[in-house]
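One letter stands for each residue in the lines below.
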Amino acid sequence: MTDFSQLINTGFHVTGKDSSQSGASARTVLIFGVPRSGTSIISGALHHLGVFNGERSFDPIYEDKILHEAILSGSRDKVGKVIENYNRQNDVWFYKHPDLLSDSLSFGASGRIAGVMNRLYGKDRFLPLSNFLRLYRMFRNPMCIITFKDIFAIANRNRLSMESDLLENMEDVMRTYRKIVVLLKQLDPHALLVSSEKIVNNKDLFLDKLIEFCQINPAPEQRQKALHFISAKPVAYLKHARVDSTIGYLDEVTNTCISGWARYVDHDKAAKVVLIIDGKEVETVSANLFREDLLANKLHPSGACSFRFTRFNPDLLYPGCEVRVKIANDVHDLNGSPFIS
């Protein structure tokens, strides 16, 4: 009888040859692909399997900011020091960033030339593979996990989370996939190719392959945590994937002043805050005013993220009216909003 199990599309495939020294247990796993193609599923699973992933890498996306900032600086010395430190502490560790191909442009003159070409002819059309290879070779026994996802699904997620154009998103995704294919054909790295859409339905089988590929030995409870992490509807990730994650509070509503605080989670740039009364935008201000309590409670590094609306018409406020405050372009109100006068 014919064994049709060989024809089942499991959603993963190993390509290239393991170039690490024979029997070497020390290695580094690089996780990348197209942004929003499922890299966080892989990094989260490896994190829960007990693999180190940087000193500043947090739930739900598990991207180490220390190494990322070093790579973007273009300094081989900075990158080398971070890698040396992580190598010294860990036999196996991983670095994940979906834009690793583009990030590698920082390494070398060809990256600067490509930067000029991209500005002239459109973003990310040019990718010198020599720059990626230069960065790739800095890692100890490197191996890749590259994620793939339906082009429309990625573009539509960008539309929902970042309010960007669907068709332009699809073009960007196709360009990046083209670069990945060129990389695989020309450099032939040892890589695990992953369909993030299929592995959520084959979690046990995929975890077995992931553990085998990375040559790790997780405890049973770690494997169970990783199994639980892999989800088709990761709520925490969807919240983080918005154009800019925001926090804040509408504190006070009076006839002369509406105030509170608001900021972006991932950076300290002052947020534009919009006042909406009965569904109509009536005033916009910057949340850049200092408040001692915001600094004391560590809600902002400088304490300068409060706002005050004072130029609105007080006649708009009447018993039962709805007062809403949100950061511009965000789909969610601040906590404490809406306020019913």
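My aim in this report is to walk through the structure given alongside it, one point at a time.

Cut-off values and rules
- By convention here, each chain's residues receive numbers from 1 onward along its written sequence.
- This being a predicted model, a pLDDT of at least 70 is required before a residue's local features are given, and a value of 80 or more before pairs of side-chain atoms are given or counted; all residues contribute to the totals for chains, interfaces and linings.
- Calculation of side-chain values draws on the structure's entire complement of heavy atoms; hydrogens and water are dropped beforehand.
- Secondary structure elements are defined from DSSP: runs of H or I of at least 4 residues count as helices, runs of E of at least 2 residues count as strands, and each element is numbered from the N terminus.
- Burial here depends on accessible area, computed with a 1.4 Å probe over protein chains only, as a share of the maximum for the residue type. Under 20% is buried, over 50% is exposed, and the range in between is partly exposed.
- Two residues form a contact once any of their heavy atoms are found within 4.5 Å.
- Shrake-Rupley sampling with a 1.4 Å probe provides the accessible areas, and residues are treated as covered by the protein chains on show and by no other component.
- Paired strands, in this sense, are two strands between which DSSP finds at least two bridges.
- Among buried residues, those of type Ala, Val, Leu, Ile, Met, Phe, Trp, Tyr and Cys that are joined through side-chain atoms within 4.5 Å constitute a nonpolar core.
- What a helix should span is 1.5 Å times the count of its residues minus one.
- Here a Phe, Tyr or Trp ring, Trp counted by its six-membered ring, pairs with any other such ring whose centre lies within 6.5 Å, and the pair is stacked when the planes are under 30 degrees apart, edge-to-face when over 60, and tilted otherwise.
- In this description, a line fitted to the C-alpha atoms serves as the axis of each element, helices being fitted only across the stretch in contact, and the angle between N-to-C directions of two axes falls anywhere from 0 to 180 degrees.
- Here the word oblique covers every angle except those under 35 degrees (roughly parallel), over 145 (roughly antiparallel) and from 65 to 115 (roughly perpendicular).
- In this scheme the crossing of two helices becomes right-handed for a clockwise turn of the near helix relative to the far one and left-handed for an anticlockwise turn of less than a right angle.
- Only Asp, Glu, Lys and Arg are considered charged, only Ala, Val, Leu, Ile, Met, Phe, Trp, Tyr, Cys and Pro nonpolar, and every remaining residue, Gly among them, polar.
- By definition here, a salt bridge exists when the distance from a side-chain nitrogen of Lys or Arg to a carboxyl oxygen of Asp or Glu is within 4 Å.
- Polar contacts, as used here, are pairs of N or O atoms within 3.5 Å; protein pairs need one atom able to donate a hydrogen and one able to accept it. Residues neighboring in sequence count only if both atoms are side-chain atoms.

## Comments concerning the overall build of the chain
Broken down by element type, the chain carries 13 helices and 13 strands. Relative to its full complement of 341 residues, the chain shows a buried share of 45%. Taking as baseline every contact in the chain between residues at least 6 positions apart, the subset at least 24 positions apart corresponds to 67%. Split by element, the accessible area of the chain, about 17900 Å² in all, is 52% carbon and sulfur.

## Remarks on the pairing of strand β9 (residues 280-287)
Alignment of strand β8 (residues 271-277) against β9, held across 7 bridges, turns out to be antiparallel. From the neighbouring strand, V273 faces β9, where its bridge partner is V285. Where β8 folds back onto β9 in an antiparallel hairpin, the turn is made up of 2 residues, including D278, whose phi is positive at roughly 50°.

## What about the sheet that holds strand β7 (residues 258-264)?
Spatially, β6-β7-β11-β10 is the arrangement adopted by the 4 strands of the open sheet, whose pairing is antiparallel. The outermost strands of the open sheet, each flanked by one partner alone, are β6 (246-253) and β10 (289-290). Strand direction decides the pairing type here: β10 and strand β11 (residues 304-309), joined by 2 bridges, are antiparallel. Directly across from F290, in β11, lies its bridge partner A304.

## Focus on the nonpolar core
Of all hydrophobic cores here, the largest spans 31 residues; its most connected members are F32, L67, I71, V79, L100, L135 and I146. Of the residues forming this core, the biggest block, 5 residues, is contributed by helix α8 (residues 166-187). Not counting residues up to four positions away in its chain, the partners in contact with L135 are I71, V79, L100, S104 and F107.

## Concerning α8
Given 3.6 residues to a turn, an α-helix orients residues that are three or four positions apart in the same direction. The end-to-end C-alpha distance of α8, which contains 22 residues, comes to 31 Å, matching closely the 32 Å that a straight helix rising 1.5 Å per residue would cover. Those residues of α8 not exposed but buried are N169, V173, R175, T176, Y177, K179, I180, L183 and L184. Of the residues trailing α8, D188 is marked for its positive phi of about 45°.

## Section: the environment of A304
By secondary structure assignment, the location of A304 is in strand β11. In this structure the C-alpha to C-alpha distance between A304 and E292, which are 12 residues apart in sequence, comes to 8.6 Å. Beyond its immediate sequence surroundings of up to four residues, A304 is in contact with A287, N288, L289 and F290.

## Here's the deal with the packing of aromatic side chains
Centre distance and the angle of the planes are the two values used to describe a pair of aromatic rings. Inspection of the entire model under this criterion finds 9 aromatic pairs. Plain terms: the ring middles of W93 and F139 are 6.0 Å apart, the flat faces sit at 55° to each other, and that makes the pair tilted. Placement of W93 in strand β3 (residues 92-96) and of F139 in the loop between α6 (129-136) and β4 (142-148) is noted, with a sequence separation of 46 residues between them. Of the residues examined, W93 reaches a relative accessible area of 0% and is grouped as buried. Under the relative-accessibility criterion, F139 is labelled buried at 4%.

## Some thoughts on the packing of helix α10 (residues 203-214) against helix α11 (residues 220-229)
Closest axis-to-axis distance for the α10/α11 pair is 10 Å, and the angle between their directions is 125°. In terms of axis orientation, α10 runs oblique to α11. As for how α10 packs across α11, the hand of that crossing is right-handed. The residues of α11 that touch α10, namely those facing K203, D204, L207, D208 and I211, are R223, A226 and L227. Residues that form the contact of α10 with α11 fall into these classes: 4 nonpolar, no polar and 4 charged.

## Comments concerning unusual backbone geometry
P338 follows S337 through a cis peptide bond whose omega is 5°. Positive phi, normally seen in glycine, also occurs at R36, with a value near 75°. For R36, a relative accessible area of 16% translates into the label buried.

## Focus on the pattern of salt bridges
Scanning the entire structure with this criterion turns up 11 salt bridges. Linking E84 and R88 is a salt bridge whose minimum nitrogen-to-oxygen distance equals 4.0 Å. Placement of the pair is E84 and R88 together in helix α3 (residues 76-89), with a separation of 4 residues, close to one helical turn. Of the residues examined, R88 reaches a relative accessible area of 58% and is grouped as exposed. With a closest N to O distance of 3.8 Å, R311 and E283 form a salt bridge. Of this pair, R311 sits in the loop between β11 and β12 (322-327) while E283 sits in strand β9, and the two are 28 residues apart along the sequence. Because the salt bridges share partners, they merge into one network encompassing D204, D208 and R223.

## Some details on the sheet that holds β8
Strand order in the open sheet made by the 4 strands is β9-β8-β12-β13, with antiparallel pairing throughout. The open sheet has two free edges, formed respectively by β9 and β13 (339-340), since each of these has just one partner strand.

## Thoughts on the environment of E283
Using a relative accessible area of 6% as the deciding quantity, one classes E283 as buried. Taking the C-alpha atoms as reference, E283 lies 9.8 Å from N313; in sequence the two are 30 residues apart. Setting aside its immediate chain neighbours within four residues, E283 contacts V273, V274, L275, F309, T310, R311 and F312. Among the polar contacts made by the side chain of E283, one reaches the main-chain amide nitrogen of F312 at a distance of 3.1 Å.

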